[in-house]
Amino acid sequence: MGKGGGCIASKNKISKSSNKYENSAKLSTNVNPSPSRNLKVFIVFYSMYGHVESLAKMMKKGIETVDGVEGVLYRVPETLSKNVLVQMQAPPKDDSLPEISSPSELADADGFLFGFPTRFGCMAAQMKAFFDSTGLLWKEQKLAGKPAGFFVSTGSQGGGQETTAWTAITQLAHHGMLFVPIGYTFGAGMFNMDSVQGGSPYGAGVFAGDGSRNATETELALAEHQGKYMAALVKKLVRG
C-alpha cells in the first residue's frame with residue numbers, strides 16, 4: 001500500500017515482539033557478584049558406598065586452595081527406602097554433610113561440580129531425579145552461563161567413566177550451562193600405567209570394584225586437581 005499506515009503498523013508489531021524476547025534474555029543473564037564476597041562452587045553429589053563422597057571432599061580441598069573461592073558440599077536426596085539400602089549393604093550417610101533442601105539453592109552458586117556413580121553407563125537414578133526437579137530453574141534459565149563439571153564412580157574399567165559424563169552433558173545443555181572438562185591438565189598423572197586408576201579428560205573418577213576398593217592416592221589427587229582447576233576457571237569467568 002505504498003506509504004499507507006498499514007505498513008507502519010506492521011513494523012511496530014514486529015518491533016514490539018522483538019523487545020519482548022530481548023527482555024526475556026536479559027532476565028536470564030547472570031549478574032556479576034560483589035567483589036567483596038567469596039565465589040561459591042557447589043559440589044553436588046550422590047554417593048551410595050562412599051566412593052563419590054571421597055572424591056567430593058577432595059574437590060572441596062582443591063577449590064579452597066584458590067583465594068576467594070569457597071567449595072560447598074551438598075548431597076542430593078536419597079530415593080531408595082532404608083530397607084532396600086540395608087539389603088544393598090549401603091553404609092549410613094555422613095550426617096555432617098548437608099542434603100540440598102531445594103533445587104532453587106543452585107541459583108546461588110557461581111559454578112558446579114556434580115558427582116555420581118554409574119548405572120549402566122549413565123548417572124545413577126538419584127542424581128537424575130534431582131536434575132528432573134530443576135524444571136523451574138530451567139524455565140527461568142537461572143543456571144544459564146554457569147560452568148559445571150562432572151566426577152564419577154564405576155564398578156569396573158569398562159563401566160562408564162567416560163559415557164557417564166557424555167550422557168550427563170544433556171542436563172547442562174538444556175540449562176544453558178557450560179561443560180568444563182579437565183582435559184589432560186593433570187599432566188603425567190593422566191598417563192600413569194603402573195596401576196589401575198579412574199578418571200578421564202571428562203573429569204575425575206574412581207573404580208569401586210565390588211564396593212570394597214577405596215580411591216587411590218592418584219584418584220584422590222586428580223579430584224583435588226579438578227576442584228582447583230574449576231575454582232580458578234570460575235574466578236576468571238566471574239572476576240575477569
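Residues numbered from 1 in each chain as written. Predicted model: local features only at pLDDT ≥ 70, side-chain atom pairs only at ≥ 80, totals over all residues. Heavy atoms only, no water.

### Here we look at helix α6 (residues 163–175)
The set of residues buried in α6 consists of T164, A165, A168, Q171, L172 and H175. Tucked into the core, α6 has its buried residues touching β3 (111–119), β4 (122–123), α4 (125–132), α5 (135–140), β5 (147–154) and β6 (178–179). Looking one or two residues past α6, G176 carries a phi angle of roughly 75 degrees, positive in sign. (Buried < 20%, exposed > 50% of the residue type's maximum accessible area, 1.4 Å probe, protein only. Helix = DSSP H or I, 4+ residues; strand = E, 2+ residues; numbered from the N terminus. Contact = heavy atoms within 4.5 Å.)

### So, helix α2 (residues 51–63)
Every α-helix carries 3.6 residues per turn, so stepping three or four residues along brings you back to the same face. Between its terminal C-alpha atoms α2 stretches 19 Å, which fits the 18 Å expected from 13 residues at 1.5 Å a residue. Within the sequence span of α2, burial applies to H51, V52, E53, L55, A56, M58, M59, G62 and I63. Tucked into the core, α2 has its buried residues touching β1 (39–45), β2 (69–75), β3, β5, β7 (205–207) and α7 (217–239). (Expected span 1.5 Å × (residues − 1).)

### With respect to unusual backbone geometry
Despite not being glycine, Q89 has its phi angle at roughly 60 degrees, a positive value. When its relative accessible area of 67% is taken as the criterion, Q89 is described as exposed. Of note in the backbone geometry, Q141 takes a positive phi value of approximately 50 degrees without being a glycine. Within the element layout of this structure, Q141 appears in the loop between α5 and β5. Judged by its relative accessible area of 22%, Q141 is partly exposed.

### Remarks on the nonpolar core
Counting 29 residues, the largest nonpolar core has F42, V44, L106, F112, F114 and F116 as the members making the most contacts within it. Those elements giving two or more residues to this core turn out to be β1, β2, β3, α4, β5 and α6. F112 has contacts with V41, F42, L106, L143, K146, P147, A148, G149, M177 and M230, leaving out every residue within four places of it along the chain. Among the nonpolar cores identified, the runner-up in size contains 28 residues, and F45, V66, M190 and M230 belong to it. (Core = buried A, V, L, I, M, F, W, Y, C linked by side-chain atoms within 4.5 Å.)

### Side note on the pairing of β1
Within β1, six of the seven residues are buried, which leaves the element mostly enclosed by the surrounding structure. The pairing of β1 with β2 spans seven bridges and is classified as parallel. Bridge pairing in β2 places V44 opposite Y74. Handedness of the crossover joining β1 and β2 through α2: right-handed. Bridging between β1 and β3 involves five bridges; their strand directions are parallel. Directly across from F45, in β3, lies its bridge partner G115. (Pairing = 2+ DSSP bridges. Right-handed = clockwise from strand over helix to strand, strands pointing away.)

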